[in-house]
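As a plain string of letters, each chain reads:
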Amino acid sequence: MQRDVTRWFGTGLGVLNTIDQAVYVAGAQLRNERGLYPYRQQTSNSSSISQFLLLVFADRRELQLLHFWLFLGIYLAARLGNGLIITTIACDHHLHTPMYFFLLNLSLLDLGSISTTLPKAMANSLWENTDISYKGCAAQILLFLFFIGAELYLLTIMSYDHYVAICKPLHYGTLLGSRACVHMAAASWGTGFLHALVHTANAFSLPLCQGNALDQFFCEIPQILKLSCSHSYLRELGFIVVIVCVSFGCFVFILVSYMEIFRAVLRILSEQGRHKAFSTCLPHLAIVSLFISTAAFACLKPSSLSSPSLDLVVAFLYSVVPPAVKPLIYSMRNQELKGAFSKLIKGYFLKVFN
């Protein structure tokens, strides 16, 4: 009799434990649907993860809709600004120079980078959906790293272009001919894609055993590493160290180039010549500073400062703000670009009304 009571008592505890786990899972899923916090899929095998859960910007529906309209405005402004730069440079043969050729490539990369992250964030805010598929997350990381990496190399090439134009103007046609420009642009695109492919393949080959919830509004490698098993991420950290060294080398090259440029500009006797040189270089320097400072802070900030809200703000600054403000920065002081754009608009309206 005592054995039967003990068996029934153990069976009852097992049933209650099963019911308690079912209620907990159901409650967690319900809270996830209401946007309180994501339900984490615990797993010890990354192959069993079919999706990841992204972090939402707000829990209240009104704030989610506000974020949607804000993101939509920024996205449309970025597409319009970069699209106008691409169209103006392509249509005006006076702008078929190395500097504007690289600017056209930079605008294409900006369109690609902001189109990789922001549309998914807008969809999540509009439909109250935080999930992204495993393949979709891998594709997002691959494309974003590709565009960001190629942009860094292209900004480095653009600093070299400005250096040759101001410090070695007599050798400009020789050092930066049309074939050389195409080769340098292709090298920046190809190197960016190769680095992105290696990083993405290596990150997604790691075993994941810390759930499937990412503390970011888009997929990025640091968030994937947080989900990996202990000590399995050391291999990827080696690749990150290599990329940091390459990025630092690009930054040093840009810094030295602009030191030489400013030394040469200060020796120019003509005030008009100095103004033209500064109007050419200052927009590029502002873009480089914005891009490198935000990306460096995102990668090198101490763990004591890390928080979901701060990570969201920093990621927004380096992934969304630069592509949106670059057309404005480049068009403010560039008289040639503004003149070509005005000519393009006038020609369009003349064709429409005539």
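Residues numbered from 1 in each chain as written. Predicted model: local features only at pLDDT ≥ 70, side-chain atom pairs only at ≥ 80, totals over all residues. Heavy atoms only, no water.

Here we take up the overall build of the protein chain. Across its full length, the protein chain holds 12 helices and 2 strands. Secondary structure of the protein chain in N-to-C order comes out as α-β-α-α-β-α-α-α-α-α-α-α-α-α. Scored against the burial criterion, the 354 residues of the protein chain give a buried share of 40%. (Helix = DSSP H or I, 4+ residues; strand = E, 2+ residues; numbered from the N terminus. Buried < 20%, exposed > 50% of the residue type's maximum accessible area, 1.4 Å probe, protein only.)

Here we come to the state of the cysteines. Summed over the entire model, instances satisfying the criterion amount to 1 disulfide. Between the sulfur atoms of Cys-137 and its disulfide partner Cys-219 the distance amounts to 2.2 Å. With the S-S bond torsion at -125°, the cross-link from Cys-137 to Cys-219 turns out left-handed. You can see Cys-137 sitting in helix α4 (residues 134–167) and its partner Cys-219 sitting in the loop between α6 (178–203) and α7 (221–227), a full 82 residues away along the chain. (Disulfide = S-S within 2.5 Å.)

Turning our attention to the packing of aromatic side chains. By the definition in use, this model includes 13 aromatic pairs. Aromatic pair Phe-101 and Phe-102: ring centres 5.7 Å apart, planes at 55°, arrangement tilted. By relative accessible area, Phe-102 is classed as buried at 0%. An angle of 55° between the planes, with centres 6.2 Å apart, marks the rings of Phe-144 and Tyr-318 as tilted. Of this pair, Phe-144 sits in helix α4 while Tyr-318 sits in helix α10 (residues 308–319), and the two are 174 residues apart along the sequence. On the basis of relative accessible area, Phe-144 is assigned to the buried category, the value being 5%. Through a chain of ring-to-ring contacts, three or more aromatic side chains come together here, namely Phe-144, Phe-217, Phe-218 and Tyr-318. (Phe/Tyr/Trp six-rings, centres within 6.5 Å; stacked < 30°, edge-to-face > 60°.)

A few words now on the packing of helix α3 (residues 98–127) against α4. For the pair α3 and α4, the least separation of the axes is 9 Å and the interaxial angle reads 160°. Between α3 and α4, the interaxial angle falls into the category roughly antiparallel. Of the two possible hands of crossing, α3 and α4 adopt the one that is left-handed. Per-class residue counts for the contact of α3 with α4 are 14 nonpolar, 7 polar and 4 charged. (Axes fitted to C-alpha atoms, helices over the stretch in contact; angles between N-to-C directions. Parallel < 35°, antiparallel > 145°, perpendicular 65-115°, else oblique. Left-handed = near helix turned anticlockwise from the far one by under 90°. Nonpolar A, V, L, I, M, F, W, Y, C, P; charged D, E, K, R; others polar.)

Below, the discussion takes up the confidence of the model for the protein chain. In this model, the protein chain carries an average pLDDT of 79, and 81% of its residues clear a pLDDT of 70 or more. Note on residues 1–44: pLDDT is under 50 here. Beyond four places in sequence and across chains, it has 37 contacts. (pLDDT = per-residue confidence, 0-100. Contact = heavy atoms within 4.5 Å.)

Applying the stated rule across the entire model yields 4 salt bridges. Notably, a salt bridge pairs Lys-326 with Glu-151, separated by 1.7 Å at the nearest N-O pair. Taken as a pair, Lys-326 in helix α11 (residues 321–333) and Glu-151 in helix α4 lie far apart in primary sequence, 175 residues in all. When sorted by exposure, Lys-326 lands in the same class as Glu-151, which is buried. Connected via shared salt-bridge partners are Asp-110, Glu-151 and Lys-326. (Salt bridge = Lys/Arg side-chain N within 4 Å of Asp/Glu carboxyl O.)

So, about the packing of helix α2 (residues 61–91) against helix α12 (residues 335–353). Their axes nearest at 10 Å, the elements α2 and α12 cross at an angle of 85°. With respect to their mutual orientation, α2 and α12 come out roughly perpendicular. Contacts from Leu-84, Ile-85, Thr-87, Thr-88, Ile-89 and Cys-91 of α2 reach α12 at Leu-337, Ala-340, Phe-341 and Leu-344. Grouping the amino acids of the contact of α2 with α12 by side-chain chemistry returns 8 nonpolar, 2 polar and no charged.

If you look at the biggest cluster of nonpolar residues, it comprises 63 residues, and the most contacted ones within it are Ile-89 and Leu-103. Those residues within four positions of Ile-89 in sequence are excluded, and the remaining contacts are Leu-95, His-96, Tyr-100, Leu-103, Leu-104 and Leu-337. Membership of the second largest hydrophobic core comes to 17 residues, among which are Phe-52, Phe-204, Leu-208 and Ile-221. (Core = buried A, V, L, I, M, F, W, Y, C linked by side-chain atoms within 4.5 Å.)

Take Thr-116: it is sitting in helix α3. Not counting residues within four places of it along the chain, the set of residues in contact with Thr-116 comprises Gln-140, Leu-143, Phe-144 and Phe-147.

The next subject is α3. The terminal C-alpha atoms of α3 lie 44 Å apart, and with 30 residues this matches the ideal 44 Å at 1.5 Å per residue to within 8%. At Ser-115, α3 shows its maximal bend, which comes to roughly 35°, and the proline Pro-119 appears one to four places after that position. Of all 30 residues that make up α3, 22 are buried, and the element is covered over most of its length. (Expected span 1.5 Å × (residues − 1). Bend = angle between axes of the 7 residues up to and from the residue.)

Within the secondary structure, Glu-128 is located in the loop between α3 and β2 (131–133). For the pair Glu-128 and Val-56, spaced 72 residues apart in sequence, the C-alpha to C-alpha distance is 8.6 Å. Not counting residues within four places of it along the chain, the set of residues in contact with Glu-128 comprises Arg-61, Gln-64 and Ala-123.

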